[in-house]
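# Descriptive analysis of the structure
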Amino acid sequence: FPVDRIRNFCIIAHIDHGKSTLADRLLEMTGAIVKTQKNKQVLDKLQVERERGITVKAQTASLIYSHQGQQYLLNLIDTPGHVDFSYEVSRSISACQGVLLIVDANQGIQAQTVANFYLAFEAQLAIIPVINKIDLKNADPERVASQIEKVFDIPCNECIRISAKLGTNVEAVLQAVVDRIPPPVASIDDPFKALVFDSNFDHYRGVVANIAVFGGRVRKGDRIVSAYLGKSYEVNELGILRPDEHPTQKLFAGQVGYMVTGMKDVKEAQIGDTLYLKEQPVETLPGFKPAKAMVFAGMFPTDQSDYPGLRSAIERLTLNDSSVTVQRDSSMALGAGWRLGFLGLLHMEVFNQRLEQEYNASVIVTAPTVPYKAVLSSPRLIKNRRGIQKNMVYIDDKRVMMKYLFPLNEIVVDFYDLLKSLSSGYASFDYENAGYQAADLIKMNILLNGQPVEELITIVHRGRAYSAGKAMCERLQDSIPRQMFEIAVQASIGSKVIARETIKAYRKNVLAKCYGGDITRKMKLLKKQAEGKKKMRLIGNVEVPKDAFINVLKRK
Ligand code: GTP
């Protein structure tokens, strides 16, 4: 395909506005998949995506479209809609020259419609607004078109009105892709240069990189260099995705495809890396801004002997999800593990689920926290912890867009659910990092008979310290069995105790029910008791079952 007959575009939208359904229709109409009733979100390949009905990974598909006697190569990238996966959208955009901005004909512009529009707008991509679900009874495409004109300054008549579900007017979308999106600026005569915009790990072939070719051509058997480490590799396999891998002999300027180089170590693979031919070095491409983790949680193997397996699972999965940050961590109660950073709570859940489903891993995830910056022993002002309104714009007579400044930990956990239920599902929500701000936070310790328990240290707002301390003491009291002496469970701030529960002394005599002199039975019971003790940790003189930490740390 000559470069002027290639179009690279992605589909962006608010969650559930119909991106993956439109992708199904585009795949069918271009013959990439057979048209059947069963094609439902074909590009959502992961088990977690199927189960949750949402896209979490961007997926590429190359389509061949015949238009006015010419054949065009359309490279489509379907992206996730939820804010937690916006890193996928920003990376996909870097491989494209245009976007289809899908808006639900009933719901109209929502928070991620705005956020994703700006990602595309700032990257100066051609934007084609598509109003979807016109078949719905309550669809109001005209109102949505005027919202689009008002908020994005795109004339009403540029909106394409479709039903992705029924296939109505979808042909117009393909035509618009060819007519309104410019071909990539890439010349086949330049030296080979490609951007690695995504990767995954294949058990047999090693790293499989998704690449966008910005210049020249590459052949199977060529020797290429990864700019990131300067190491060279032989191209073992390459091809396009339709959406399944379709090997080819070459990839040309303007194309999007995959490449296998026998790279086995995920540390060598870097998202945003530039690839070039060994004898033809090029200037490296700008790559990607690293994602900024918002929510942190500890991950530990349920059984410490699984540590090496879990380490390789996490490394391989972070190759496919480069927005996750990983640091080694260890805890007295849970052993060796990691501290992982995520873009949000859903992201954390999905990552955990993928570890279990795709890597068969069994993990303990600790309560999520947000990052704080502590300025030690300097005076702190008491600040209002609630949102501070920044601005408010009416999108039309029914919808308003409001901007607030919030402390992050106020919004990551249950804010979204609460907002949804209070607004009967009408309000939508998106956020970005506004930087660190001073707040009245304190460090709360948990003590067992006066001995601090390191893994239960938490940072809480001063106003909530008492209730949080009390709740933690109560949960611990429930989880630690009685012992031969009384145990004080306390929460403290500095040297001041703010909450206390007591576990009464008690000796569990396992032989109490053993009448008579059956010695083997006695031995069995004592052995069982000793095994039970192995699962305990000694903190000071208190034996704490491992489960106790999990119960207190685990999210409710
Ligand atoms: P995420 O990738 O999770 O952000 O969602 P999405 O934007 O890909 O939406 P998806 O294609 O999964 O569609 C969401 C829901 O809307 C599904 O139940 C679809 O069947 C439905 N839907 C999509 N297009 C149409 C349409 O044209 N009409 C109607 N009535 N329903 C549609």
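Residues numbered from 1 in each chain as written. Predicted model: local features only at pLDDT ≥ 70, side-chain atom pairs only at ≥ 80, totals over all residues. Heavy atoms only, no water.

Attention now moves to the site of the ligand. Close to the ligand lie 19 residues, the nearest being Lys 19, Ser 20, Thr 21, Thr 55 and Asp 135. Taking His 17, its main chain carries an N or O atom lying 3.4 Å from an oxygen atom of the ligand. Ser 20 places a side-chain nitrogen or oxygen 2.8 Å from an oxygen atom of the ligand. If the ligand stood free it would expose 650 Å²; the protein chains cover 85% of that surface. Broken down by element, the shell around the ligand gets its largest block of residues, 3 residues, from helix H1 (residues 19-29). Residue composition of the shell around the ligand, by class: 4 nonpolar, 10 polar and 5 charged. (Near = heavy atom within 4 Å. Polar contact = N/O pair within 3.5 Å; in protein donor to acceptor, adjacent residues only side chain to side chain. Areas by Shrake-Rupley, 256 points an atom, 1.4 Å probe, with all protein chains shown as cover. Helix = DSSP H or I, 4+ residues; strand = E, 2+ residues; numbered from the N terminus. Nonpolar A, V, L, I, M, F, W, Y, C, P; charged D, E, K, R; others polar.)

Formed by 33 residues in total, the largest nonpolar core has its most connected members in Val 99, Ile 109, Ile 148 and Phe 152. Going through the elements one at a time, strand E1 (6-13), helix H3 (86-93), strand E4 (98-104), helix H4 (111-122), strand E5 (126-132), helix H5 (141-152) and strand E7 (193-202) are the ones with two or more residues in this core. A total of 5 residues in this core trace back to one element, the largest contributor, which is H5. Beyond its immediate stretch of four places on either side in the chain, Phe 152 contacts Leu 101, Ile 109, Thr 113, Val 114, Phe 117 and Gln 147. The next biggest cluster of nonpolar side chains, apart from the first, holds 31 residues, and it includes Phe 9, Ala 23, Ile 128 and Leu 174. (Core = buried A, V, L, I, M, F, W, Y, C linked by side-chain atoms within 4.5 Å. Buried < 20%, exposed > 50% of the residue type's maximum accessible area, 1.4 Å probe, protein only. Contact = heavy atoms within 4.5 Å.)

With that out of the way, let us pick up the packing of aromatic side chains. Considering all chains together, one arrives at 6 aromatic pairs under this definition. With centroids separated by 6.3 Å and ring planes inclined at 90 degrees, the aromatic side chains of Tyr 118 and Phe 121 adopt a geometry described as edge-to-face. A residue pair is termed a helical-turn pair when its members lie 3 or 4 positions apart in one helix, as Tyr 118 and Phe 121 do in helix H4 at 3 residues. Judged by relative accessible area, which is 36%, Tyr 118 ranks as partly exposed. (Phe/Tyr/Trp six-rings, centres within 6.5 Å; stacked < 30°, edge-to-face > 60°.)

Turning our eyes to something else, we now look at the side chain of Thr 261. Structurally, the position occupied by Thr 261 is in the loop between strand E15 (256-260) and strand E16 (274-277). Residues contacting Thr 261, with those up to four places away along its chain left out, are Val 207, Ile 224, Tyr 233, Glu 234 and Asn 236.

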